[in-house]
Structures are given as structure tokens and as C-alpha cells.
Amino acid sequence: YRVRANQNKDTPRPADTALGTNPPAGAIIDYTLAQPARRVTLDIRDGEGRLVRRFDSAAPTQEPAAARYFAAGWLRPAGPLATAAGAHRFVWDLRLPRPKAVAYNWSIAATWGRDTPLTPEGPLALPGDYQLVLAVDGRELRQPLRVLADPRVSTPPAELAQALAFSQAIDVELARVWQGHGEVAAVQQLDALTRRGGAAAQVPLKDALTAFAAKLEPLHAGEGETAPNLGAIGEVLASLATDIDGADRAPTAPQQQVLADYRARLDRAIATWQTLREQDLAALDAQLQQAGLTPIRVPTPDEIGLGGGEESRDVP
């Protein structure tokens, strides 16, 4: 059944509260290995055979970095697909892959002993027929899976499809923000350049570095609703993704307007960054090379991390 694990948006119940235990939210998948396997993969495919989600024992999913402000006991992440001999249980949470984002936040909908959700999450898959494909060292096993709608929900399937399409549209914009923000964050660390290789003594070069840093400033620290601040744009889009995920309903007109407005704002921010990268950064790199210094390198998408650095602190 397509139900959410926890929808309590108030302060979580204390860890010592006596509570019952619910089954895992999602599709419970049991499999047995007669002997240890080198690699196990699990594909979830829709009724037309398109890949919805993949899990791989050789490439376990890495959770994005997020600042933890609570005790570690509130976290219990699911492990990768097991490869040891014996019986194993794996739970697909019925969600599509998590979107890439500049920052992630822990949901207050938490339960002690269960993993606390990290938002934005991937959108829920639609009710319907799916196929599980378990591959063990190249040998495939297939089983059908039927995802049923929450019996308490009467939302028409067409509106659920609209909500999923809207979530996926947000994910596209989140990925654009994430890449642009990661590139800008990498090249804005210019202070070190003025302190090495005698660059500080080269006034024209130091002035060029200062001027370039000033042009980058609006992209990571600009204020106001129209500023091209990539972090601020990403924060609103991540909140919108979490909002549409909170209920089984079609997107509202205000939600659609927010996406349209912030997509346009993001277009302007990305255009600003591309101009700086192709013109100003290229000119600055030429000056750095003339001074015998390493040019400023823009990272590839594979080199950009997910979320911010973790700052852990335990509280009762």
C-alpha cells in the first residue's frame, strides 16, 4: 500500500515513550541466497518495463550530508542489499530516486528506532503494476509487484500523475541549482590564490581576483526576492518539493506559480554564471597562467557533493 511512514509534523514523541511497532512503509522483499554472492542488484520496473529505481550491493546509496542536531539514535538508515548466504529482507520505500539539492533537512516526522526522513525525498511511485528484477551474479529472478493506493485516499489517478509530474519538474530545477551552486562555490574560494605564488604582490592580478569575487557575490549571497542567489533559490524549490509530497493531490495554482517564478529566477542566475564563466573567468585564468599560477578549475558534476557538511551534536 502506498502510505507514508509518518505524517506527524509536531515534536516527535520522546524516545522512552511506549509505542507499538508498525511494519516498514513500502514493499517488503524477501530473498534467499544459497551461497555468498559477489554482487546483487534489484531493479524496480514499471508496467512498460522502464526502470524506476535500482539498488546495487556494489554501489550502496550514500545519504547526502546534512547537519544533525539530535541524538544519533533517531537515525537508522537501511543497509545495502545483502550478499551473504541466507535469508534477507529488503524494503523499497516506494520512492523514486532522491533529487540532487544544495541542502537537505531532517524531517520532524521522526520515530525513535526508525530512520528519520531527509528532505527533499524522492517522489512516491504511482499505484500500479511493477516488476522486481533481482540479479545475483548475473542470474535474474523476476516477480510482479502491485502497488495499491492508500485506501483512505480518493484522489483520482490522473491527479496523482499530475503530482508526480510536478515533483519531477521540481527535481529538474533542483538539479540545475545544485550544479550551478556547486560550480560557483568551488571557484569563489579566491583568497588562497592571493596568498600563494607571490600573487599578493601582483597588484593587477589581485585587483582582477577581487573584481571577479565581487561579481560572484550575488550568486551566493544576494538578498531579495529577485537576487540570483542559487542557495536561496534551491531552498524554496526544496520546500516546494516537500510540500507537494505531503499529500496525495494535484499541484495547486499557487504551487505552480512558485515553480514558474523560481524557474525564471534560476534561468537568470544560470545565465549570469555562464557569462561570468565564459568571459570573466576565462580572462582571469589567462592572467593566472601568465603569473605562473594554476587556473581556477570548475568541478565536474561527479565532483560536486550533495548537501552541506555535517555538523553533528547530540541532544537528549
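The structure displayed is predicted, hence computed values, not measured ones. (Residues numbered from 1 in each chain as written. Predicted model: local features only at pLDDT ≥ 70, side-chain atom pairs only at ≥ 80, totals over all residues. Heavy atoms only, no water.)

**Observations regarding the pattern of salt bridges**
A side chain of one charge can pair with a side chain of the opposite charge when the charged atoms of the two come close. A complete count under the given rule lists 21 salt bridges for this structure. One salt bridge in this structure joins Arg 176 and Glu 173, with 2.6 Å as the shortest N-O distance. Of this pair, Arg 176 and Glu 173 both sit in helix α1 (residues 157–187), separated by three residues, roughly a single helical turn. Several salt bridges converge on common partners, so that one network encompasses Glu 173, Arg 176, Arg 263 and Asp 267. (Salt bridge = Lys/Arg side-chain N within 4 Å of Asp/Glu carboxyl O. Helix = DSSP H or I, 4+ residues; strand = E, 2+ residues; numbered from the N terminus.)

**Quick look at the packing of aromatic side chains**
Under the definition given, this model contains five aromatic pairs. Between Tyr 69 and Phe 70, the aromatic rings sit 5.0 Å apart at their centres with planes inclined by 85°, giving edge-to-face as the arrangement. A relative accessible area of 42% means that Tyr 69 is categorised as partly exposed. Summarising the aromatic geometry, the rings of Trp 74 and Trp 112 are spaced 5.2 Å apart at their centres and angled 90° between planes, so their arrangement reads as edge-to-face. Here Trp 74 is found in the loop between β3 (51–56) and β4 (86–92), whereas its partner Trp 112 is found in the loop between β5 (105–106) and β6 (118–119), with 38 residues between them in sequence. (Phe/Tyr/Trp six-rings, centres within 6.5 Å; stacked < 30°, edge-to-face > 60°. Buried < 20%, exposed > 50% of the residue type's maximum accessible area, 1.4 Å probe, protein only.)

**Looking at the side chain of Arg 68**
With respect to the element layout, Arg 68 can be found in the loop between β3 and β4. Looking at Arg 68, its side chain comes within polar contact range of the main-chain oxygen of Phe 70, at 2.7 Å. (Polar contact = N/O pair within 3.5 Å; in protein donor to acceptor, adjacent residues only side chain to side chain.)

**Topic: the nonpolar core**
By size, the foremost hydrophobic cluster in this structure holds 33 residues, and its most contacted members are Ile 170, Leu 216, Leu 237, Trp 273 and Leu 284. Counting residues per element, the ones that place at least two in this core are α1, α2 (203–221), α3 (230–244) and α4 (253–290). In terms of residue count, the dominant contributor to this core is α4 (10 residues). Counting residues in each nonpolar core, the second largest holds 24 residues, with Phe 55, Leu 96, Leu 145 and Val 147 among its members. (Core = buried A, V, L, I, M, F, W, Y, C linked by side-chain atoms within 4.5 Å.)

**Topic: the packing of α1 against α3**
Interhelical geometry of α1 versus α3 gives an angle of 160° and a closest axis separation of 9 Å. Taken as axis vectors, α1 and α3 run roughly antiparallel relative to one another. Note on packing geometry: the crossing formed by α1 with α3 is left-handed. The segment α1 lies against α3, with Ala 163, Phe 166, Ser 167, Ile 170, Glu 173, Leu 174, Val 177, Gly 180, His 181 and Val 184 engaging Leu 230, Gly 231, Ile 233, Gly 234, Leu 237, Ala 238, Leu 240, Ala 241 and Ile 244. (Axes fitted to C-alpha atoms, helices over the stretch in contact; angles between N-to-C directions. Parallel < 35°, antiparallel > 145°, perpendicular 65-115°, else oblique. Left-handed = near helix turned anticlockwise from the far one by under 90°. Contact = heavy atoms within 4.5 Å.)

**Points about the side chain of Asp 245**
Tracing the backbone shows Asp 245 in the loop between α3 and α4. By relative accessible area, which is 16% here, Asp 245 ends up buried. In contact with Asp 245, other than residues within four places in its own chain, are Arg 4, Arg 95, Glu 121, Gly 122, Pro 123 and Leu 124.

**A closer look at unusual backbone geometry**
Omega for the peptide link from Thr 119 to Pro 120 comes to 0°, which places this bond in the cis form. Looking at the element boundaries, Pro 120 is found in the loop between β6 and β7 (128–136). With phi around 65°, Leu 94 is a residue other than glycine that occupies positive phi space. A positive phi angle is found at Asp 137, which is not glycine, with a value near 50°. Tracing the backbone through its elements, the reader meets Asp 137 in the loop between β7 and β8 (139–147).

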